[in-house]
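Given next are the chains, with one letter for each unit.
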Amino acid sequence: MRGLSTALAALAILAAFAVPAGAQTLDRVAGGEAFRIGYRQFAPPYSYAAANGQPSGYIVDLCREVADGVKRTLKLPAMKVDYVKVTAEDRFEAVRDGRIDILCEPSSMTMSRRALVDFSLPTFLDGAGVVTRGTPVKGLEDLKGKKVGVLRGTTTEETLRSTLGQMRIAADIVTVTDHPDGLKQLADGKLDAYFGDRGILNYLIANSPAGNRLSLSDQYFTFETYALALPRGDQAFRLVVDATLADLYRTERIRDIYARSFGKFPPDQFLNALFVINGVPK
């Protein structure tokens, strides 16, 4: 028994050191420091810099609601909010290392990422699609021998590589640093196809001068659940985040927030189900 107690004590010590320094977000903000929202410059309609330079998008708007929830919880008369730009490559490390308090962009929940960060209740359901010039592809078999673009450092890249490998489809995978660049290369003939999240691709095609020459496949090649990435071990902060989202999902306010980014197109059956399932009672 003594050996077991010693082992458990050692595990407890290791667990304590595994929580990053400064992880207690509410204590830090209550002490007068800014609440730091991480966002991406090129991930519309979820997270992006608008024409005026201001952070915008559906998931950024959800994080503004979270910021209000933090302010109410701490009963602060005023609270400074800083917006910190992150990239697809460094976004989770920014949470882990304490550069941001919350990651507000289309972050897919995966078990490997949970080694770095915690996740909130889900924020969106999406999946990968393929954009081509002219006729849309009907299946990944159509990509054989083609030059296919994908955003570097994402689960979408991992899925594309593993799926093509399993299906023995030989294609030249080209990674890009942002979605607009990928679609531009496609429109210019430098790529034959572009693989990415359908919500982002739909938005970019609709707002692209070359949009009438680009076609998005009808098929979903993956299903991914997005959530807000948070510091590991910060349970008090996570409770505020989840309570804020659950409150939104129980009301029509979530549809107003959705409409700001997606316009007249209503949430589909998958997203409606997400709202119902995650509208956890108080």
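Fair warning: this is a prediction, and the values are worked out from it, not measured in the lab.

(A) Structural view of the pairing of strand 7 (residues 118-126). The buried fraction of strand 7 amounts to 8 of the 9 residues, a majority that puts the element mostly inside the structure. Strand direction decides the pairing type here: strand 7 and strand 13 (residues 224-230), joined by 6 bridges, are antiparallel. For Leu 125, the partnering residue across the bridge sits in strand 13 and is Thr 225.

(B) Representation of the nonpolar core. Grouped together as the largest cluster of nonpolar side chains are 50 residues, with contacts concentrated most on Phe 35, Tyr 58, Val 70, Ile 102, Val 131, Tyr 194 and Leu 228. Every residue in contact with Leu 228, bar those within four places of it in the chain, is listed here: Ile 59, Cys 63, Val 66, Ile 102, Leu 103, Cys 104, Asp 118, Phe 119, Ser 120, Thr 123, Val 241 and Leu 245. Counting residues in hydrophobic clusters, the runner-up holds 14 residues, among them Val 137, Leu 160, Leu 164 and Ile 173.

(C) Here's a closer look at the confidence of the model for the chain. On average, residues of the chain score 89 in pLDDT, and 91% of them are at 70 or above. Taken as a whole, residues 1-23 scores under 50 in pLDDT and shows 7 contacts with residues more than four places along the chain or in a different chain.

(D) Summary view of the sheet that holds strand 8 (residues 128-133). A sheet is described by the order of its strands in space; here 5 strands give the open sequence 10-9-11-8-12, paired in mixed fashion. The sheet is open, and its two borders are formed by strand 10 (172-176) and strand 12 (214-216), each paired with just one other strand. Ignoring strand direction, the axes of neighbouring strands in this sheet form an average angle of 30°. Examined bridge by bridge, strand 9 (residues 147-151) and strand 11 (residues 193-197) share 3 bridges and lie parallel to one another. Among the inter-strand pairings, Gly 149 is bridged to a residue of strand 11, identified as Tyr 194.

(E) Region of the structure containing the packing of aromatic side chains. Applying the stated criterion to the full structure yields 16 aromatic pairs. Centre to centre, the rings of Tyr 220 and Phe 223 are 5.2 Å apart; their planes meet at 5°, and the pair counts as stacked. When the ring of Tyr 249 is compared with that of Phe 275, the centres are 5.2 Å apart and the planes differ by 35°; the resulting orientation is tilted. With Tyr 249 in helix 8 (residues 235-249) and Phe 275 in helix 10 (residues 269-278), the pair connects residues that are 26 residues apart, well separated along the chain. Overall, Phe 275 belongs to the buried group, its relative accessible area being 2%. Taken together through their ring pairs, the aromatic side chains of Tyr 46, Tyr 58, Phe 124, Tyr 226, Tyr 258 and Phe 262 make up a single cluster. If you follow Arg 198 out to its NZ or CZ, it ends over the ring of Tyr 220, 4.5 Å from the centre.

(F) Quick peek at the packing of helix 3 (residues 58-74) against helix 8. Contact pair helix 3 / helix 8: the axes reach a minimum separation of 9 Å and the direction vectors enclose 120°. For the element pair helix 3 / helix 8, the angle class is oblique. Considering the relative orientation of helix 3 and helix 8, their crossing is right-handed. Counting all contacts with helix 3, which are made through Leu 62, Glu 65, Val 66, Gly 69, Val 70 and Thr 73, the residues of helix 8 involved are Phe 237, Val 240, Val 241, Thr 244, Leu 245 and Leu 248. The residue inventory of the contact of helix 3 with helix 8, partitioned by class, reads 8 nonpolar, 3 polar and 1 charged.

(G) The arrangement of the state of the cysteines in detail. By the definition in use, this model includes 1 disulfide. Note on cysteine connectivity: Cys 63 is disulfide-linked to Cys 104, with sulfurs 1.9 Å apart. Judged by the sign of its S-S torsion, about -100°, the cystine formed by Cys 63 and Cys 104 is left-handed. Residue Cys 63 is located in helix 3, and its partner Cys 104 is located in the loop between strand 6 (102-103) and strand 7; the two are separated by 41 residues in the primary sequence. Taking relative accessible area as the criterion, Cys 63 reaches 0% and is therefore assigned buried.

Conventions we followed
Residues numbered from 1 in each chain as written. Predicted model: local features only at pLDDT ≥ 70, side-chain atom pairs only at ≥ 80, totals over all residues. Heavy atoms only, no water. Buried < 20%, exposed > 50% of the residue type's maximum accessible area, 1.4 Å probe, protein only. Helix = DSSP H or I, 4+ residues; strand = E, 2+ residues; numbered from the N terminus. Pairing = 2+ DSSP bridges. Core = buried A, V, L, I, M, F, W, Y, C linked by side-chain atoms within 4.5 Å. Contact = heavy atoms within 4.5 Å. pLDDT = per-residue confidence, 0-100. Axes fitted to C-alpha atoms, helices over the stretch in contact; angles between N-to-C directions. Phe/Tyr/Trp six-rings, centres within 6.5 Å; stacked < 30°, edge-to-face > 60°. Lys NZ or Arg CZ within 6 Å of the ring centre and 35° of its normal. Parallel < 35°, antiparallel > 145°, perpendicular 65-115°, else oblique. Left-handed = near helix turned anticlockwise from the far one by under 90°. Nonpolar A, V, L, I, M, F, W, Y, C, P; charged D, E, K, R; others polar. Disulfide = S-S within 2.5 Å.

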